[in-house]
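# Architecture at a glance
What follows is the residue order along each chain.
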Amino acid sequence: LERANLVQRVSLYMKTQEVLSRLVERQRLDAGRLQVVQAEAALSSRRSDLIRARAAVQNAETRLRALINAEQLDPNTEIVPIESPTSADFTPDLEVEFTQAIQNRPEIAAAIKEIRASSVRLQMARHEILPVLDLVTDAYVAGLQGKSRIDEAFLDQFRNGAPSYSLGLEWHMPVGRRAARANERRRRLEAIQLTEKYRSTLELIKAEVDVAVREVITSYRELSAKNQAREAAAADTETTRVRWESLGGRDNNASLMLESLLRAQERLTQAEFELAKAEVTYSLSLINLRQANGTLTQIYGTQPAP
């Protein structure tokens, strides 16, 4: 945006300089001193605007370097955008964008994981309420022999008595099961809270997508209107220029026409700047939409850190 403003200010300055040059050439014929003074004053004012516009570009580069914070980036390197703002019409569909957000937003994936984990904990808490019935088995053999005499050890376990074993059931249930019931109630409330959190996350993301979609549509309409305004300002400037060139003279009418031309040029530059702002706003609205539906990192080939 700052570079566009700089180019527009350079163009306005050169147009004013051209007007002044023509007045100086015509001063001996039909241009009055007042017209020359008017053009010189306008040229000086636009020169100061040009200086400010150049400083604004440098300030924007400085802020970008601070945001990038790359040591290998030379402070004296000029930063130039390589992509032009898009002006292509794009009408997003709210349902499609919301579906993409559900599939790609990490907040929704994290909420679903929390609900699944909560469901597992709830099932475990419900099982803890139930009585416990365990199958208990036991076996015993004896007949140790030294020096790795495995054969004697095997026979001794039958000589000294047959191997013993036991099999039984063990059942227990805490009286009242208050701790287990309290834990189950807590897990159930936790599951309800996470479900509400998931629903709230869906509503927030839907609101973000809704705002982003509306902003894209609105910014494109604004872009079209600003483009029409720029075309109208360009036509007005051209008409005023032709009338000024054909009028001539040293009277007040020529001075008024010159003033009208200078104002028309200023209005055209302002219309061009408003168009550039609308282009930037439209491009940013598209980026915000991609951020809202969770596809921004996919477009730029990056993935969020785990």
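This report concerns the structure included in the present document. (Residues numbered from 1 in each chain as written. Predicted model: local features only at pLDDT ≥ 70, side-chain atom pairs only at ≥ 80, totals over all residues. Heavy atoms only, no water.)

### So, the overall build of the protein
In terms of helices and strands, the protein carries 8 helices and 2 strands. Ordered by position from N to C terminus, the α and β elements of the protein give α-α-α-α-β-α-β-α-α-α. Burial status across the protein gives 27% buried among its 306 residues. Considering only residue pairs separated by 6 or more positions, the protein has 80% of its internal contacts joining residues 24 or more positions apart. (Helix = DSSP H or I, 4+ residues; strand = E, 2+ residues; numbered from the N terminus. Buried < 20%, exposed > 50% of the residue type's maximum accessible area, 1.4 Å probe, protein only. Contact = heavy atoms within 4.5 Å.)

### Quick word on the packing of helix 1 (residues 2-26) against helix 2 (residues 33-68)
The N-to-C vectors of helix 1 and helix 2 enclose an angle of 160°; their axes lie 9 Å apart at closest approach. By the angle between their axes, helix 1 is roughly antiparallel relative to helix 2. Considering how the two elements wind past one another, helix 1 and helix 2 form a crossing that is left-handed. Of the residues belonging to the contact of helix 1 with helix 2, the class tally is 15 nonpolar, 4 polar and 9 charged. (Axes fitted to C-alpha atoms, helices over the stretch in contact; angles between N-to-C directions. Parallel < 35°, antiparallel > 145°, perpendicular 65-115°, else oblique. Left-handed = near helix turned anticlockwise from the far one by under 90°. Nonpolar A, V, L, I, M, F, W, Y, C, P; charged D, E, K, R; others polar.)

### Regarding the side chain of Thr269
Counting through the fold element by element, Thr269 comes out in helix 7 (residues 252-292). Looking at Thr269, the relative accessible area reads 4%, which means it is buried. Setting aside residues up to four positions removed in sequence, Thr269 forms contacts with Gln8, Arg9 and Leu12.

### Overview of helix 1
Taking 1.5 Å of rise per residue, 25 residues should cover 36 Å, and helix 1 covers 36 Å from first to last C-alpha, within 8% of that figure. Along helix 1, the residues classified as buried are Asn5, Leu6, Gln8, Arg9, Leu12, Tyr13, Thr16, Val19, Leu20, Leu23 and Arg26. (Expected span 1.5 Å × (residues − 1).)

### Here's the deal with the nonpolar core
Of all hydrophobic cores here, the largest spans 17 residues; its most connected members are Leu6, Val19, Leu20, Leu23, Trp244 and Leu258. Considering each element in turn, this core owes the most residues, 7 residues, to helix 2. Excluding its chain neighbours within four sequence positions, the residues that come into contact with Leu6 are Leu50, Ala53, Arg54 and Val57. By size, the runner-up hydrophobic cluster in this structure holds 16 residues, among which are Ile205, Val213, Ala278 and Tyr282. (Core = buried A, V, L, I, M, F, W, Y, C linked by side-chain atoms within 4.5 Å.)

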